[in-house]
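Each chain, written out:
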Amino acid sequence: MSQATYVKLWADTQRELDIMLQREREEFLQPVEDREKVMKMLATAYIQYLEIFRKLEEAHDHLIHQQKRAAVRQVLDGVIGRILEIKKEMVALEKSECHHMDDILMDLQRVPEDIDIPIPKYFIKENLSILQDREKFLDEILLNAGLLEQEPVTAMTLEEGIKVVQVAERARQGRARAAFMKRIYLEEKRQSQKEAQEMGKNPDDAATCIQKVWRGYRQRKETEKLREEEMVFLGMSLPPDLEAMSSLQIGAGKANVLQGEVQEREEPSFRQELRQTEGSHIKETLQDQISQCFIECRHITGRFPDYPPENTGGSKAIFIEKHPEQVAEELAAKREAEKKEKEKNGKEEKERPAVKKPPKVGKQGSKAPGKRRIPELERDQTPDRTIDSLYQELAEAGLLIKVKNVNLSDYIGYYDCLRNIPRQAGAQPMPSIPEVRQLVALYGILPLGSQTVHENAPLVKSLLLAGPAGVGKKMLVHAICTETGANLFNLTPSNIVGKYPGRDGLLMMFHMILKVGKELQPSVVWIGGTERLYSKGTPKGEEEVNAKRLARMLPPFLRALKPKDRVLLVGTTARPFDANPGPFCKVFQKIILIPKPDYLTRCALWKHYILQSGGALTKLMNLNCLAHVSDGFTQGHIVDTVQTVLSELRLLQMPRKPLRTAEFVTSLARHDPVYKEEEETFQAWYAKTPLGKAWSAALAAKEAEKGKKGKGKK
């Protein structure tokens, strides 16, 4: 589409945003006591803001004009911040991370996919060159340290060389013999055609031949059409309209690549041309305006004003539109502040000789006033070292690891229409896989991707992903880093054994991570198996002792993170019920419970991973049967099963031996599923978290209120 189309999209979306803001001023400022009505207002605003967010992101991604992109970017960051604020209000109102919005989606004529969180592409595009250089630097460090696996290159022996030459020579001889036989065949065919022409042919025989060829062609086309309709009906291939859409998407991707090249090529040339043509004129104009401002201030105050320092903007502060009277008031206020500061310093100097002896150490309540103590983690313990040297040391120690290229959309899952039945029965609402994607995007990706959003939106410093083994917790951690271009620090207890021993070593490790993470933000600090940090028993062995020390360092580490620091602590656990719930839940602000996949998700997973691994779906493959049989198994079990079955040898045999359902069932039976008892244990643990307790208290209060109303009616 043309640039005018996206400019029009931007203008229409801006009008929708203005209408939304006006409606919020009218509705949200009026007090409402009905919780359901408030929740409906918030959910409606949340869905509409998501639609505005999606349109603005599309316009920003396709616009080439840099000033327009900057204007759209400011509005986009504001909309993201407002979405996070509304989400916080919805969680505080419902005491749950999952919300029932099906009725509101129907009223707004939307589908459940419309509440998926889009990931802005500028998170990566604006820093693409920096991220690529950093990735090359990390690969070089890991390769030199022997931590990066490289394909081994082995020298060929004499026997292997002779064997390769023999194979090549036999292949050459075979090709030469095939060409010779082809020449003989063509010569015989030419001779037979010549004899046939001499003898002549019957017209009826020619008509019969033509009819035979045409009927065969028509029947093959009809059979192919019926086969395609059957495959579409079974869900094994896409309808023609969707295939056309996919081709359009490929074309749009190529257009995006060309557009990015145009942007990279035009932006520097435009700036350079502007500097050459208008640079001297703009410089003279600014100098004249600065001189005029200084002369006017001198006429009013009697002296030239001080030149603005660099931290206040330098000469940029002069061009703020101010009247001379306002400038005079600012100068008077500045002089008054200087007088007060001098008087204060004089009083302190007079009072200082009165203190003759310092207070004794043993007495309480006689502490001398002094400067605020700087926490240990915030002190610069490596002032003489560069960020690159600290980065290299952390990478060589295995604490800074390479991020796997995984997007959040690769975490496959579909909406289940039956997911709200337990909610209506009063049970604790558990998130579905699409809701897990939304929560990870809201609490992890959007704040880390934008500095403006992170500083102004509700601050989330820590996030916990809990769920059975194999549900994709580690994949989500890598997806957060991939979507935002973040560094990934691995502080799993098993990974730090023998590294930076003792309290001083652990303190130095956290200081280096904090320093590098803040300087090269965004950054993610990942701790796997977090239940071992807060285990209930006494520590046994070096690994458990290190885990306990690591747990004691996390609160000061989180306190050292400020709103301007885009650093996120992410924990993953498969057995959260083994940990002490008190300190465990205090460290992590947000807790996301990840469920096992449902039927629709399992169908999609089987199809996706079989095709991705090189397999082919035939009539002998029953995906519905596989989805039913794999009930209770996780995504990791399905991936492992597919990789085990589709080996290199099996892929070579596939043309003459198609895949069968029984092959996958046999391999799947070797894994242990997630039983109902384990699932109930997770739900019972989640009920003990702060949000789970708040949900239970709100439910008890609602039931008590219903009981009082029932007694009043009697």
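Since the model is a prediction, treat every value here as computed from it, not as a measurement. (Residues numbered from 1 in each chain as written. Predicted model: local features only at pLDDT ≥ 70, side-chain atom pairs only at ≥ 80, totals over all residues. Heavy atoms only, no water.)

**Comments concerning the confidence of the model for the protein**
A residue-level look at the protein finds 83% of positions with pLDDT of 70 or above and a mean pLDDT of 81. Per-residue pLDDT stays below 50 along residues 351-371; that stretch engages in three contacts with residues further than four places along the chain or on separate chains. (pLDDT = per-residue confidence, 0-100. Contact = heavy atoms within 4.5 Å.)

**As for the packing of aromatic side chains**
In total, this model carries 10 aromatic pairs according to the counting rule given. Taking 5.9 Å as the distance between ring centres and 75° as the angle between the ring planes, the aromatic pair formed by W606 and F664 counts as edge-to-face. A residue pair is termed long-range when its members are at least 10 positions apart, and W606 in helix α19 (residues 599-612) and F664 in helix α23 (residues 661-668) qualify at 58 residues. Using a relative accessible area of 0% as the deciding quantity, one classes W606 as buried. (Phe/Tyr/Trp six-rings, centres within 6.5 Å; stacked < 30°, edge-to-face > 60°. Helix = DSSP H or I, 4+ residues; strand = E, 2+ residues; numbered from the N terminus. Buried < 20%, exposed > 50% of the residue type's maximum accessible area, 1.4 Å probe, protein only.)

**A short note on helix α24 (residues 676-686)**
Residues of α24 that are buried: F682, W685 and Y686. Angularly, the buried residues of α24 cover 100° about the axis, an arc narrow enough to put them on a single face. What points out from α24, more than 90 degrees from its buried face, is the exposed set K676 and E677. (Arc of directions from axis to C-beta.)

**A word on the environment of G78**
Turning to its location among the elements, G78 is positioned in helix α3 (residues 66-94). With 25 residues separating them in the primary sequence, G78 and F53 have C-alpha atoms 9.6 Å apart.

**Regarding the pattern of salt bridges**
Inspection of every chain in the model, using the stated rule, returns 22 salt bridges. We note a salt bridge from E24 to R82, for which the minimum N-O separation is 3.4 Å. Here E24, found in helix α1 (residues 3-27), pairs with R82, found in helix α3; they are 58 residues apart in sequence, far enough to count as distant. Residue R82 is classed as buried on the basis of its relative accessible area, which comes to 15%. (Salt bridge = Lys/Arg side-chain N within 4 Å of Asp/Glu carboxyl O.)

**With respect to a nonpolar patch on the surface**
Residues F180, M181 and I184 make up a contiguous nonpolar surface patch of about 260 Å² in total accessible area. Secondary-structure assignment places F180 in helix α7 (residues 158-199). (Patch = residues over 30% accessible without salt bridge, like charges linked within 9 Å, V, L, I, M, F, W, Y side chains within 5 Å. Areas by Shrake-Rupley, 256 points an atom, 1.4 Å probe, with all protein chains shown as cover.)

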